[in-house]
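Inside the fold
So you can see what is in the structure, the chains are spelled out below.
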Amino acid sequence: MIEQAGIAIFIYGNKLDSSDNIVLSEGMKQEFELCKKAGVLPIPIGVTGYMAENLWNEVWDDFDTYYPDASPGFKSNFEKLGDKSLATSDLISVILDLIQDIQRSY
């Protein structure tokens with residue numbers, strides 16, 4: 001099914017281990033890797049923390065590989081996905097703007 005998706009949104013990415021400790025979700029990382037192989041554009045919401053934050057850092061550190069034709073506005077909005085000071089309502093607007101940009105451009 002992943003191959004049929006154009007984008008994938010990643011939020012949080014944590015779980016409880018057998019000792020009830022919060023740990024990163026390796027399953028989310030595996031899904032991210034599957035999306036990369038399938039050409040699905042990732043939108044990890046870094047401000048939610050956990051694995052989503054790791055994925056946001058990975059994409060941000062290699063942004064031009066993931067989004068080679070991104071406009072400066074798209075890149076600016078993507079950067080905001082890692083800004084923990086951003087209000088929830090503003091974050092939602094940024095996510096919707098990114099989705100709309102992808103739908104128009106890719």
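The following paragraphs examine the structure supplied in this document. (Residues numbered from 1 in each chain as written. Predicted model: local features only at pLDDT ≥ 70, side-chain atom pairs only at ≥ 80, totals over all residues. Heavy atoms only, no water.)

1. Some remarks on the pattern of salt bridges
Convention followed: The salt bridge definition used is simple: a Lys or Arg side-chain nitrogen within 4 Å of an Asp or Glu carboxyl oxygen. In this text, helices come from DSSP runs of H or I with a minimum length of four residues, and strands from runs of E with a minimum of two, each type numbered from the N-terminal end.
The tally for this structure, following the rule as stated, stands at six salt bridges. Here Glu53 makes a salt bridge to Lys84, at a shortest N to O gap of 3.4 Å. With Glu53 in helix H2 (residues 50-61) and Lys84 in the loop between helix H4 (72-80) and helix H5 (88-105), the pair connects residues that are 31 residues apart, well separated along the chain.

2. Notes on the pairing of strand S4 (residues 41-44)
Inclusion rule: The cut-offs for exposure are 20% and 50% of the maximum accessible area for each residue type, with area from a 1.4 Å probe on protein chains only; residues under the lower value are buried, those over the upper are exposed, and the others partly exposed. Two strands pair if DSSP finds at least two bridges between them.
A two-sided burial pattern is seen for S4, the buried positions comprising Leu41 and Ile43 on one face and Pro42 and Pro44 on the other. Where strand S1 (residues 7-10) and S4 come together, four bridges link them in parallel fashion. When the sheet's bridge partners are listed, Ile7 is paired in S4 with Leu41.

3. Some remarks on a nonpolar patch on the surface
Defined as follows: Without a salt bridge and with relative accessible area above 30%, a residue can belong to a patch; like charges are then joined within 9 Å and nonpolar side chains (Val, Leu, Ile, Met, Phe, Trp, Tyr) within 5 Å. Only the protein chains shown count as cover for residues, with accessible areas throughout obtained via the Shrake-Rupley method and a probe of 1.4 Å.
There is a patch of nonpolar side chains on the surface, built from Ile9, Ile11, Tyr12, Leu16, Ile22, Leu24 and Tyr50 and spanning about 650 Å² of accessible area. Tracing the chain through its elements places Ile9 in strand S1. Overall, Ile9 belongs to the partly exposed group, its relative accessible area being 43%.

4. Some thoughts on the side chain of Thr48
To be explicit about the condition: Identification of polar contacts relies on pairs of N or O atoms within 3.5 Å, with a donor-acceptor requirement for protein atoms, meaning one able to donate a hydrogen and the other able to accept it, and with residues adjacent in sequence counted only if both atoms are side-chain atoms. Whether two residues touch is decided by their heavy atoms; if any such pair falls within 4.5 Å, the residues are in contact.
The topology assignment puts Thr48 in the loop between S4 and H2. Here Thr48 falls in the buried class, since its relative accessible area comes to 16%. Separated by 2.7 Å, the side chain of Thr48 and the backbone nitrogen of Tyr12 make a polar contact. The residues contacting Thr48, other than those within four sequence positions of it, are Ile11 and Tyr12.

5. Quick word on the environment of Ile102
Structurally, Ile102 can be placed in helix H5. Residues within four places of Ile102 in sequence aside, it is in contact with Ile7, Leu41, Ile43, Tyr67 and Phe74.

6. Brief notes about the packing of H2 against H4
Threshold: Interaxial angles span 0 to 180 degrees and are taken between N-to-C directions of axes, which are lines fitted to C-alpha atoms, for helices over the stretch in contact. Roughly parallel refers to an angle under 35 degrees, roughly antiparallel to one over 145, roughly perpendicular to one between 65 and 115, and oblique to any angle outside these ranges. Here is the rule for handedness: rotate from the far helix to the near one, and if that takes an anticlockwise turn smaller than a right angle the crossing is left-handed, while a clockwise turn gives right-handed.
With their axes 10 Å apart at the nearest point, H2 and H4 run at an angle of 150° to one another. Put simply, H2 runs roughly antiparallel to H4. The two elements H2 and H4 meet at a crossing, and its hand is left-handed. Two secondary-structure elements touch here, H2 through Trp56, Val59 and Trp60 and H4 through Lys75, Phe78 and Glu79.

7. Overview of H2
Test applied: To estimate how far a helix should extend, the number of its residues minus one is multiplied by 1.5 Å. Picture the helix axis, draw a direction to every C-beta atom, and the arc is the one those directions span.
Under the 1.5 Å per step criterion, the end-to-end length of H2 is 17 Å for 12 residues, consistent within 8% with the ideal 16 Å. Buried within H2 we find Met51, Ala52, Leu55, Trp56 and Val59. Projection of H2 onto a plane perpendicular to its axis shows the buried side chains occupying an angular sector of 140°, all on one side. Against the buried residues of H2 lie S1, strand S3 (22-24), helix H1 (26-38), S4, helix H3 (63-66) and H4.

8. A look at the packing of H1 against H2
Note the threshold: Gly falls in the polar group here, along with every residue not listed as nonpolar (Ala, Val, Leu, Ile, Met, Phe, Trp, Tyr, Cys, Pro) or charged (Asp, Glu, Lys, Arg).
Viewed as axis vectors pointing N to C, H1 and H2 meet at an angle of 35°, and their least axial separation amounts to 9 Å. Two packed elements cross with a definite hand, and for H1 against H2 that hand is right-handed. Residues Glu26, Met28, Lys29, Phe32, Glu33 and Lys36 of H1 pack against Met51, Ala52, Leu55, Glu58 and Val59 of H2. In the contact of H1 with H2, the residues fall into six nonpolar, no polar and five charged.

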